[in-house]
Amino acid sequence: MFDLNEFTNRDVVFIGSGREWISFEKFITTHAEVKSVKSIFISDDNRNDMNDMLRNLDFTTSIIVKTAGYPGNLVPAPYTTPTKVFFECVKQLGSKVIGVTGTKGKTTTSSLIYHMLKAANKPAVLAGNIGIPMLDTLETATRETIFVLELSSYQLSELEHCPDIAVITNLYRDHIDYHGSLESYWEAKRNIMRCMDSAGKVVFDPKNEAILHWLAESDAEQLAINNEEHVDMTQSDLIGDHNRTNYLLARTAAQAVGVDKFTCQQALKSFKPIKHRLQPVRTVRGVSYIDDAIASQPEAAIAGITACVREIGPVGCVMLGGSDRDYDFSELVKLISTLMIPKLVLFPDTGTKIKELLPENYSPELYETADMTSAVQWAAENVPSGSVCLLSTASPSYSVWKDFEEKGDLFQEAVMSLSN
């Protein structure tokens, strides 16, 4: 079905494991005449031996494929990626791709676009960083298929083919440990539109100044949202100004492939929030527990707190802290101190940094822990009735939890275990 001549009669070495490896192995053995395919896992303990092995491969008979999560600058030889293979196959199909990237809002915006397209009976599929391997979606795809892809900076860093429509939600500081610098991180994001010609379209929020600079050097069509536009969110389960922006971005992208405005608005009403994204869990003894475990940057936590205050009620407790990626917490601390949020749960490692930034005129009751169950139990005993207890840590999860899903699941389990 696909022309994958670069893999023909080659020994394929895949750097990585997990879902992406399983997907790639199935796809490449089905659609290419490879000689062999195997995966290797490179760790700090075996890095030198693995790199020596990779350098010594005969590249007339071998090809390296790298998972998105492994930095390309650590691979000592030429390689390709599943993302690049996917885009090459889509090019052969002639299908349309809507790619969504940004520091925050990717998943909600991608899911909204997909929901709008399905509401309009468009042959859409949703894949990418959202947890669905892109290559899996090619099995039943046709020229009419519209792919909606959530694209991380990891996936974009080596991309050489652009989507037909690029949606850029926002740009904040993140993933410096992977990319090496903020500039490199943003440049990876820029790959979503870098190779576009005049047929390409870029959907964006004009408040993002960096994107305006990128567009000044691009021939792509510019589709800016109007941030002043009123959107009736009263019948939607989504809350917060950031989700209003996500809706406007999604609607603009959907309209670019022929979905009308009314259908988009109706789709907003039936859309269900993504798990761990300002997700109401339960109200116990007057306290509303909200799971915003995905909020792994200060800006995301600010948006979550603001949304809760405006849409639900006063915030009585915020659970903060996680892995230290050298974020600036000053604006977050300014907000929580201005609101005089009475209780804070602080997780390692950045909980300590946040604590040190608290001003002298703001003295919330603090609970420092690495255990989610005890954090929720403390909140149940201390948070004022009639307020919100918000899990919105403003930091990545990895100092305590495997990922944000585990963090959010533990929070929900602990909340559901509370007695009335």
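Residues numbered from 1 in each chain as written. Predicted model: local features only at pLDDT ≥ 70, side-chain atom pairs only at ≥ 80, totals over all residues. Heavy atoms only, no water.

A. Region of interest: the nonpolar core. Of all hydrophobic cores here, the largest spans 45 residues; its most connected members are Leu 4, Phe 7, Phe 86, Leu 138 and Leu 149. Sorting the residues of this core by element identifies strand 1 (11-15), helix 1 (18-31), strand 3 (62-66), helix 3 (82-93), strand 6 (146-150), strand 7 (165-168), strand 8 (201-204) and helix 8 (209-216) as the ones contributing at least two each. Looking at which element gives the most residues to this core, the answer is helix 3, with 6 residues. The residues contacting Leu 4, other than those within four sequence positions of it, are Phe 27, Ile 28, His 31, Ala 32, Val 85 and Cys 89. In terms of nonpolar packing, the next biggest core, distinct from the first, is built from 31 residues, Leu 112, Tyr 247, Leu 248 and Phe 271 among them. (Core = buried A, V, L, I, M, F, W, Y, C linked by side-chain atoms within 4.5 Å. Buried < 20%, exposed > 50% of the residue type's maximum accessible area, 1.4 Å probe, protein only. Helix = DSSP H or I, 4+ residues; strand = E, 2+ residues; numbered from the N terminus. Contact = heavy atoms within 4.5 Å.)

B. Quick look at the pattern of salt bridges. All told, the structure shown has 18 salt bridges when counted by the stated rule. In this structure, Asp 409 engages Lys 275 in a salt bridge whose closest nitrogen and oxygen atoms are separated by 3.1 Å. Residue Asp 409 is located in helix 15 (residues 404-416), and its partner Lys 275 is located in the loop between helix 10 (261-270) and strand 10 (279-284); the two are separated by 134 residues in the primary sequence. Overlapping salt bridges, with partners in common, bring together Glu 187, Arg 190, Arg 194 and Glu 217 in one network. (Salt bridge = Lys/Arg side-chain N within 4 Å of Asp/Glu carboxyl O.)

C. Quick peek at the pairing of strand 4 (residues 96-101). The buried count for strand 4 comes to 5 of 6 residues, which makes it a mostly enclosed element. Where strand 4 and strand 6 come together, 5 bridges link them in parallel fashion. Among the inter-strand pairings, Val 97 is bridged to a residue of strand 6, identified as Phe 147. Two elements, strand 4 and strand 7, share 4 bridges in a ladder whose sense is parallel. Residue pairing for strand 7: Gly 99 is matched across the bridge by Ala 166. (Pairing = 2+ DSSP bridges.)

D. Highlighting the side chain of His 31. Here His 31 lies in helix 1. A distance of 3.1 Å separates polar atoms of two side chains, one belonging to His 31 and the other to Glu 139. Among residues more than four places away in sequence, those in contact with His 31 are Met 1, Phe 2, Leu 4 and Glu 139. (Polar contact = N/O pair within 3.5 Å; in protein donor to acceptor, adjacent residues only side chain to side chain.)

E. Molecular detail of the sheet that holds strand 13 (residues 343-346). Read across the sheet, 6 strands follow the order 10-11-15-12-13-14 without closing on themselves; strand pairing throughout is mixed. Here the strands that pair on one side only, and so sit at the sheet edges, are strand 10 and strand 14 (365-368). Mean inter-strand twist for the sheet, computed between neighbouring axes without regard to direction, equals 15°. Sheet topology places strand 12 (residues 315-320) next to strand 15 (residues 388-391); 4 bridges connect them, and they run parallel. In the strand pairing of strand 15, Cys 317 is matched with Cys 389. Along the sheet, helix 13 (residues 350-357) makes contact with strand 12, strand 13 and strand 14, crossing strand 13 at roughly 145°. Most of the contacts of helix 15 go to strand 10, to which it runs at about 20°, and overall it touches strand 10, strand 11 (287-291), strand 12 and strand 15. (Axes fitted to C-alpha atoms, helices over the stretch in contact; angles between N-to-C directions.)

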